[in-house]
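Each chain is listed here by its residues.
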Amino acid sequence: KEGADGPYGEIALSDDTLQLRFVGDGDRGAGSRLTGGFFLSEERDIVLTAGMIFPAGFDDNRLQINFGPRAYAALLEEENEDVMAVSLGGEIRFEMDTDSGFAVVGEAYYAPDILTFGAANNLTDLSARLEIRLQQRLTVFGGMRWFEFDLAEDEDTRTLQEELFVGVGWRFD
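Residues numbered from 1 in each chain as written. Predicted model: local features only at pLDDT ≥ 70, side-chain atom pairs only at ≥ 80, totals over all residues. Heavy atoms only, no water.

Attention now moves to the overall build of the protein. Helix and strand content of the protein: zero helices and 11 strands. Walking the protein from its N terminus toward its C terminus, one meets helices and strands in the order β-β-β-β-β-β-β-β-β-β-β. At 16 Å, the protein has a C-alpha radius of gyration in line with the 16 Å of a compact globule built from 173 residues. In terms of its C-alpha atoms, the protein occupies a principal-axis envelope of roughly 50 × 35 × 25 Å. Expressed as a percentage of its 173 residues, the buried residues of the protein come to 43%. Pairs at least 24 apart in sequence give 46% of the contacts found in the protein among residues at least 6 apart. (Helix = DSSP H or I, 4+ residues; strand = E, 2+ residues; numbered from the N terminus. Rg over C-alpha atoms; globule rule 2.2 N^0.38 Å. Buried < 20%, exposed > 50% of the residue type's maximum accessible area, 1.4 Å probe, protein only. Contact = heavy atoms within 4.5 Å.)

Below, the structure is given as structure tokens:
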């Protein structure tokens, strides 16, 4: 299980974006984990994230389901287009081959208008990826991410990422 036994970090790259993510140790009894991230786009959009994920209580050796809040603080390219949002969402991971760690992973987070502040009305952050463990601590992955804000003033959508990405993850313990 990626990150199930300790903290891990990831770096993901696409043609136009860079993302760093860290998942730390949480409450071992409850199984919760803290997450943090840094996103940078070619247009110089900067997004910081912080969240907490909780197991859904439906874990086995191959399937993990987690849910929880994620906060976003975005400094968008345009002046005075800053966004703060609190989203709710989840992550699902299905390990198809336990020996190689070959898995399908999906994430979905959404912040409605009532939890989105600043220049946006809502936030949608969806991703799907395939990953494989190369060694005990090293995982490589690739997938697709759809990350966008619905802007408040001109009622347009600001897409931060809608493209393929690749990356590596490292477990620290």
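So, about the pairing of strand β7 (residues 102-111). Inspection of the sheet shows strand β6 (residues 82-97) paired to β7 by nine bridges, in the antiparallel sense. Residue pairing across strands places Gly-89 opposite Tyr-109, the latter belonging to β7. Connecting the antiparallel pair β6 and β7 is a turn made up of four residues, with Gly-101 showing a positive phi of about 75°. Sheet topology places β7 next to strand β9 (residues 120-133); nine bridges connect them, and they run antiparallel. (Pairing = 2+ DSSP bridges.)

On to the pairing of strand β2 (residues 17-23). The alternating pattern of β2 places Thr-17, Gln-19, Arg-21 and Val-23 on a buried face and Leu-18, Leu-20 and Phe-22 on a face that is not buried. Of the pairings in the sheet, the one linking strand β1 (residues 8-13) to β2 comprises six bridges and is antiparallel in character. Each residue of the ladder has a partner; that of Tyr-8, found in β2, is Val-23. The antiparallel pairing of β1 with β2 creates a hairpin that spans three residues between the two strands. With seven bridges joining them, β2 and strand β3 (residues 33-41) adopt antiparallel strand pairing. In the sheet register, Leu-18 faces β3, and the bridge partner there is Leu-40.

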